[in-house]
Amino acid sequence: MPMELVLITGMSGSGKSVALRALEDAGYFCVDNLPPELLLSFVELEEKNARRRVAIAMDVRTATSLPQVPGHLGELVQRGIAVRPLFLDAATETLVRRFSETRRRHPLSEAAGETGVDQHRALVEAIELERELLAELRERAHVIDTSVIRAAQLQEYVKGLLSAPLASLTLVFASFSFKRGIPVDADYVFDVRMLPNPHYEPELRDLTGLDAPVVEFLQEIPEVDDMYADIAAFLDHWLEPLARNHRSYVTVAIGCTGGQHRSVYLVERLAEEFGQRWTTLKRHRELGKA
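Residues numbered from 1 in each chain as written. Predicted model: local features only at pLDDT ≥ 70, side-chain atom pairs only at ≥ 80, totals over all residues. Heavy atoms only, no water.

Visitor: Tell me about the packing of helix α2 (residues 39–48) against helix α3 (residues 69–78), and name the residues and values.
Guide: Contact pair α2 / α3: the axes reach a minimum separation of 10 Å and the direction vectors enclose 30°. Considering their axes alone, α2 and α3 lie roughly parallel with respect to each other. Side by side, α2 and α3 meet where L39, L40 and V43 of the first sit next to H72, L73, E75 and L76 of the second. Looking at the contact of α2 with α3 residue by residue, the class counts come to 5 nonpolar, 1 polar and 1 charged. (Axes fitted to C-alpha atoms, helices over the stretch in contact; angles between N-to-C directions. Helix = DSSP H or I, 4+ residues; strand = E, 2+ residues; numbered from the N terminus. Parallel < 35°, antiparallel > 145°, perpendicular 65-115°, else oblique. Contact = heavy atoms within 4.5 Å. Nonpolar A, V, L, I, M, F, W, Y, C, P; charged D, E, K, R; others polar.)

Visitor: For the environment of G259, give the residues involved together with the corresponding values.
Guide: Along the polypeptide, G259 turns up in the loop between β8 (249–256) and α9 (262–274). Linking G259 and R193, residues 66 residues apart in sequence, is a C-alpha distance of 9.8 Å. Those residues within four positions of G259 in sequence are excluded, and the remaining contacts are S175, F176, S177, V264, E286 and L287.

Visitor: Would you mind going over the packing of aromatic side chains in detail, with residue names and values included?
Guide: For the structure shown, the criterion picks out 5 aromatic pairs. Grouped by ring-pair contacts, the aromatic residues Y188, F190 and F234 constitute a single cluster. A cation over a ring is seen here: R277 above F274, with NZ or CZ 4.6 Å from the ring centre. (Phe/Tyr/Trp six-rings, centres within 6.5 Å; stacked < 30°, edge-to-face > 60°. Lys NZ or Arg CZ within 6 Å of the ring centre and 35° of its normal.)

Visitor: Describe the nonpolar core, with residues and values.
Guide: Formed by 30 residues in total, the largest nonpolar core has its most connected members in L5, L39, I56 and L76. Counting residues per element, the ones that place at least two in this core are β1 (4–10), α2, β3 (53–57), α3, β4 (82–89), α4 (92–102) and α5 (116–139). The residues contacting I56, other than those within four sequence positions of it, are L5, V6, L7, I8, V31, L34, L39 and F42. Grouped together as the second largest cluster of nonpolar side chains are 29 residues, Y228, L239, L242 and L266 included. (Core = buried A, V, L, I, M, F, W, Y, C linked by side-chain atoms within 4.5 Å. Buried < 20%, exposed > 50% of the residue type's maximum accessible area, 1.4 Å probe, protein only.)

Visitor: Go over α2, please, and point to the residues and values.
Guide: Inspection of α2 places L39, L40, F42, V43 and E46 among the buried residues, and these make up the whole buried set. Buried residues of α2, viewed axially, fall in a sector of 165°; they line one side. In this structure, the buried side of α2 is in contact with β1, β2 (29–32), β3 and α3. A50, located one to two residues past α2, shows a positive phi value of around 65°. (Arc of directions from axis to C-beta.)

Visitor: For empty space enclosed by the protein, give the residues involved together with the corresponding values.
Guide: Applying the stated criterion across every chain yields a total of 2 cavities of 30 Å³ or more. Here the largest cavity defines a volume of roughly 110 Å³. Taken together, D145, I149, Y157, A174, S175, F176, P183, D185, T251, A253, R283 and R285 make up the lining of the largest cavity. Sorting the residues of the lining of the largest cavity by element identifies β6 (170–177) and β8 as the ones contributing at least two each. Among the elements that take part in the lining of the largest cavity, β6 stands out by supplying 3 residues, more than any other. Its residues placed into classes, the lining of the largest cavity shows 6 nonpolar, 2 polar and 4 charged. Roughly 60 Å³ of volume is contained in the second largest cavity. The wall of the second largest cavity is formed by L7, T9, P70, L73, P85, L86, L137, R140 and A141. Of all the secondary structure elements, the ones that give two or more residues to the lining of the second largest cavity are β1, α3 and β4. (1 Å grid on protein atoms, 1.4 Å probe; cavity = no way out; pocket = protein on both sides within 12 Å on 5 of 7 lines; lining within 4 Å. Points joined across faces, edges and corners; volume = space filled by probe spheres on them.)

Structure representation (structure tokens):
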């Protein structure tokens, strides 16, 4: 059985330590802040130690050697290592708020002696510089948007992703509220706000798309069926080409106003349909359910 290597990278303040703890709880041998130049030798050592599941976190503090990582990962794949790269991201305003609340200094910030507006500007510039430095790693990884999810949700997301078979494309359906922002990890986004909203039915307002009365309400609306059919047709057409292009994960985000009714219903319905042919996961961001 080949070694499985999970490489966690991402923005500072995005929750890499939370993700690494989830992997440790799941039985992975975890190492934080491994310098990229040690990656190949470390994996070789752990193979000799008969480790089967290893997780490594890297961040921008090793910026000068990060360009080595994509090449190293390619070499590990050629050696038969099952590599799963994850990239944790969050909106800039979220990262600014997290750094401000914890009073931590960004690894790339040079604003230790600055205050007020200058300090805020320096932090934003450091975050944007970090995005540039990590752009290639982000492009090659499955992205998880942590902007508006809790630590417990992130842990569930990570565990769910790693429970899926590595050899096949994994399809992730995610419901969300436009009021709280579009998930930055979405590959495709569908807006279903034009559909009739159960929120305006008093007996349905406090329910969700998981509840039978809401399901029955939406099943009676032709436009909902039309939307479902259009999304399903799009995915039917493009999933095979995506799989042939060696995509490991595809995230399909479906949004409505509150992320409670219409988007949840459609995610459930699509996941049930496509789960018969593809490895499928589902997330309901606003319901706190992975």
